[in-house]
Amino acid sequence: MKSTYAQILLLLLITSPLLFAQQSLTGQVLDNEGIPLFGANIVIENSSEGTTTDENGAFQISTNRDFPFNLVVSYIGYGTQVIPVQNSSSISIFLQSDNLFDEVIISAFGNYTWFNRPTGLPGDLNFPQNKVRAGISYLSDKVWNGSFPYQWNQSYTSNNNVFPGVIDAKSLFDLTLGYRLSSTLRFELAGTNLFNNEFRALPGLPKIGRTLTGRFVLDLK
């Protein structure tokens, strides 16, 4: 009898590690730009087994479940994802922001200005009697943004002793395009007087044509 109990006990000792063997899974959670997400929640689907990511977005989770199973990954401000896991290989999980299409602003503007004085007084630099401003802009927290403004000034005559003469009408299109390189850095390309309609700012000054400039903008918020 004692021999039978001893055999049963030996069998339990041998099979216990197999009955309670744990699977270990490691990985990393990042946003769509590859930046690690600290504090993301990872839970095995239909269970209470889970963990959170560290400051490097890394996690390790252990379970008695056999592969395959699903991980439910969530983070504030990002869409929840269900990730199928087939084996214990380390995985990288990329979450998309919930506001991918919400933080977009498209606006248009127009303005007309009229001055009730067709000619300047003696010594007056004067100014256009009629002005038009219009344009459209696209603003997004994601990749692209831009603007396309237009301005028109009526021709006028300057009676100023330093800058006497006629100023031709001005009709200009400008264009600005911005590309976000990261969450804090973007590059902007600006074209002023895009179609090269040359004009003079004041009588006697050189004509101004098209100019192109590029710049990097760092967001310190």
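Rules behind the numbers
- Residues numbered from 1 in each chain as written.
- Predicted model: local features only at pLDDT ≥ 70, side-chain atom pairs only at ≥ 80, totals over all residues.
- Heavy atoms only, no water.
- Helix = DSSP H or I, 4+ residues; strand = E, 2+ residues; numbered from the N terminus.
- Buried < 20%, exposed > 50% of the residue type's maximum accessible area, 1.4 Å probe, protein only.
- Contact = heavy atoms within 4.5 Å.
- Areas by Shrake-Rupley, 256 points an atom, 1.4 Å probe, with all protein chains shown as cover.
- Lys, Arg positive; Asp, Glu negative; His and termini not counted.
- Salt bridge = Lys/Arg side-chain N within 4 Å of Asp/Glu carboxyl O.
- pLDDT = per-residue confidence, 0-100.
- Phe/Tyr/Trp six-rings, centres within 6.5 Å; stacked < 30°, edge-to-face > 60°.
- Patch = residues over 30% accessible without salt bridge, like charges linked within 9 Å, V, L, I, M, F, W, Y side chains within 5 Å.
- Pairing = 2+ DSSP bridges.
- Polar contact = N/O pair within 3.5 Å; in protein donor to acceptor, adjacent residues only side chain to side chain.

A. Layout of the overall build of the protein. A count of helical and extended segments in the protein gives 1 helix and 16 strands. The burial tally for the protein puts 24% of its 221 residues in the buried class. Across the protein, the fraction of contacts at a sequence separation of at least 24, relative to all contacts at a separation of at least 6, is 46%. About 14,500 Å² of surface is accessible on the protein, with carbon and sulfur atoms providing 58% of the total.

B. Seen up close, the side chain of Lys170. Position of Lys170 among the secondary structure elements: in strand β13 (residues 170-173). Comment: no salt bridge for buried Lys170; closest opposite-charge side chain is Asp174, at 8.7 Å. Every residue in contact with Lys170, bar those within four places of it in the chain, is listed here: Gln151, Trp152, Asn153 and Phe199.

C. Broad picture of the confidence of the model for the protein. Per-residue pLDDT for the protein averages 82, and the proportion of residues at 70 or more is 81%. Low pLDDT (under 50) marks residues 12-20, which in the prediction has 1 contact with non-local residues, meaning those over four places away or in another chain.

D. Examining the pattern of salt bridges more closely. Summed over all chains, the structure comprises 3 salt bridges. Linking Glu49 and Arg65 is a salt bridge whose minimum nitrogen-to-oxygen distance equals 3.6 Å. Pair noted here: Glu49 is in the loop between β2 (41-44) and β3 (50-52) and Arg65 is in the loop between β4 (58-63) and β5 (69-75), with a separation of 16 residues, a long-range link. Note on Glu49: relative accessible area 25%, which makes it partly exposed. A salt bridge links Glu188 to Arg215; its shortest N-O distance comes to 2.7 Å. On the criterion of sequence distance, the pair formed by Glu188 in strand β15 (residues 185-192) and Arg215 in strand β16 (residues 211-218) is long-range, its members being 27 residues apart. One salt-bridge network, in which partners are shared between bridges, spans Arg186, Glu188 and Arg215.

E. Main features of the packing of aromatic side chains. What the rule picks out here adds up to 7 aromatic pairs. Consider the rings of Phe148 and Phe173, whose centres lie 5.6 Å apart with planes at 20°: the pair is stacked. You can see Phe148 sitting in strand β10 (residues 144-153) and its partner Phe173 sitting in strand β13, a full 25 residues away along the chain. Classification of Phe148 as partly exposed rests on a relative accessible area of 32%. Its relative accessible area of 28% is what places Phe173 among the partly exposed residues. Taken together, the ring pairs in this structure connect Phe148, Tyr150, Phe173 and Phe195 into an aromatic cluster.

F. Quick look at the environment of Val104. Turning to its location among the elements, Val104 is positioned in strand β8 (residues 104-114). With 36 residues separating them along the chain, Val104 and Ser140 place their C-alpha atoms 4.5 Å apart. The contact partners of Val104, leaving out residues within four places of it in the chain, are Tyr138, Leu139 and Ser140.

G. Highlighting a nonpolar patch on the surface. On the surface, Ile106, Ile136, Tyr138, Val143, Trp144, Phe148, Tyr179, Leu181, Phe195 and Phe216 cluster together into a nonpolar patch covering about 1,000 Å² of accessible area. Listing elements by their share of the nonpolar patch, those giving two or more residues are β9 (130-140) and β10.

H. Molecular detail of the pairing of β8. Counting buried residues along β8, only 0 of its 11 residues qualify, which leaves the element largely exposed. Bridge analysis of β8 against β9 gives 11 bridges, and the strand direction is antiparallel. For Tyr112, the partnering residue across the bridge sits in β9 and is Val132.

I. Representation of the side chain of Asn130 in the model. Along the chain, Asn130 turns up in strand β9. Note on Asn130: relative accessible area 14%, which makes it buried. Among the polar contacts made by the side chain of Asn130, one reaches the side chain of Tyr112 at a distance of 2.3 Å. Here Gln154 takes part through its side chain, which lies 2.7 Å from a polar atom of the side chain of Asn130. Apart from residues lying up to four places away in sequence, Asn130 is in contact with Tyr112, Thr113, Trp114, Trp152, Asn153 and Gln154.

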